[in-house]
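These are the residues of each chain, in order.
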Amino acid sequence: MGRKITQEFENGVGIMLEICDLEEIIIINEDMNFNGIFYIMENGNCVVDGTYSGTWENLEDSRYRVTSDGDQASSLEATVTFSGNTMKTVINDEDGEFKQILIRQ
């Protein structure tokens, strides 16, 4: 199911998203894989700039481990909550808290 980012926060402060950031789509599959497409502005239009993929694992109590594929593979843990069509992810690390709000499309 595809989801689009609608808001991002860093340590409780809203991050100003560019118009093409709002076009990014993340597809979360039941087979514990995910894929995403991100965009950049080119000649006044949002165009595909790249893709990413990885796997996810439900740890327990709304905690998930997300691992990216590719040459610079990385893994992180996030708290993920769902309410209707809204998905909220919260990541806490040495830099503080990062929160994303996504809407099902």
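Before reading further, recall that the structure is shown in the block above.
Novice: Is there a simple way to explain a negative patch on the surface in this structure?
Specialist: A cluster of like negative charges, contributed by E10, D93, E94 and D95, occupies part of the molecular surface. Residue position: D95 is located in the loop between β8 (86-93) and β9 (96-104). Overall, D95 belongs to the exposed group, its relative accessible area being 60%.

Novice: Before we go on, may I ask you to explain the pattern of salt bridges in this structure?
Specialist: Working definition: two side chains of opposite charge can pair if their charged atoms are close together. Overall, the coordinates contain four salt bridges when judged by the stated rule. Here E23 and K4 are joined by a salt bridge, their closest N and O atoms 3.6 Å apart. Separated by 19 residues along the polypeptide, E23 in the loop between β2 (13-14) and β3 (25-28) and K4 in strand β1 (residues 2-10) bring together distant segments of the chain. By relative accessible area, E23 is classed as partly exposed at 34%. Where R65 meets E77, a salt bridge forms, and the shortest distance between an N and an O atom there is 3.2 Å. Placement of the pair is R65 in strand β6 (residues 63-68) and E77 in strand β7 (residues 75-83), with a sequence separation of twelve residues. Judged by relative accessible area, R65 falls into the partly exposed class, the value being 28%. You can call E77 partly exposed: its relative accessible area is 34%.

Novice: Can you help me understand the pairing of β3 in this one?
Specialist: Successive residues of a regular strand alternate their side chains across the two faces of the sheet. Two strands pair when backbone bridges link them, and β1 and β3 are joined in this way by three bridges, in the antiparallel orientation. Bridged to R3 within β3 is I26. Summarising the sheet, β3 and strand β4 (residues 33-42) pair through four bridges and their orientation is antiparallel. Residue pairing across strands places I27 opposite N35, the latter belonging to β4.

Novice: How should the nonpolar core be read in this particular structure?
Specialist: Here is a general trend for soluble globular proteins: nonpolar side chains tend to be buried in one another's company. Listed in full, the nine residues of the largest apolar core are I5, L17, I26, Y64, A78, V80, M87, I91 and L102. Setting aside anything within four residues of it in sequence, one finds M87 in contact with R3, I28, V80, T81, F82, Q100, I101 and L102.

Novice: Just to check I follow, could you spell out the environment of I91 for this structure?
Specialist: The residue I91 is located in strand β8 in this model. Expressed as a C-alpha distance, the spacing of I91 and D61, which sit 30 residues apart in the sequence, is 14 Å.

Novice: Where do I start with the side chain of E24 in this structure?
Specialist: Here E24 shows up in the loop between β2 and β3. Buried E24, no salt bridge; nearest opposite-charge side chain is K4, N-O distance 11 Å. Of note is the side chain of E24, whose polar atom sits 2.5 Å from the side chain of Y52.

Novice: Could you clarify how one ought to interpret unusual backbone geometry in this entry?
Specialist: Note on backbone geometry: most residues besides glycine have negative phi, and most peptide bonds are trans. Phi at M32 is positive, roughly 70 degrees, even though this residue is not glycine. Residue classification places M32 among the partly exposed positions, given a relative accessible area of 37%. Its identity is not glycine, yet S62 carries a phi of approximately 65 degrees, on the positive side. Looking at where S62 falls in the secondary structure, it is placed in the loop between β5 (45-60) and β6.

Reading guide: rules and limits
Residues numbered from 1 in each chain as written. Predicted model: local features only at pLDDT ≥ 70, side-chain atom pairs only at ≥ 80, totals over all residues. Heavy atoms only, no water. Patch = residues over 30% accessible without salt bridge, like charges linked within 9 Å, V, L, I, M, F, W, Y side chains within 5 Å. Areas by Shrake-Rupley, 256 points an atom, 1.4 Å probe, with all protein chains shown as cover. Salt bridge = Lys/Arg side-chain N within 4 Å of Asp/Glu carboxyl O. Lys, Arg positive; Asp, Glu negative; His and termini not counted. Charge placed at Lys NZ, Arg CZ, Asp CG, Glu CD. Helix = DSSP H or I, 4+ residues; strand = E, 2+ residues; numbered from the N terminus. Buried < 20%, exposed > 50% of the residue type's maximum accessible area, 1.4 Å probe, protein only. Pairing = 2+ DSSP bridges. Core = buried A, V, L, I, M, F, W, Y, C linked by side-chain atoms within 4.5 Å. Contact = heavy atoms within 4.5 Å. Polar contact = N/O pair within 3.5 Å; in protein donor to acceptor, adjacent residues only side chain to side chain.

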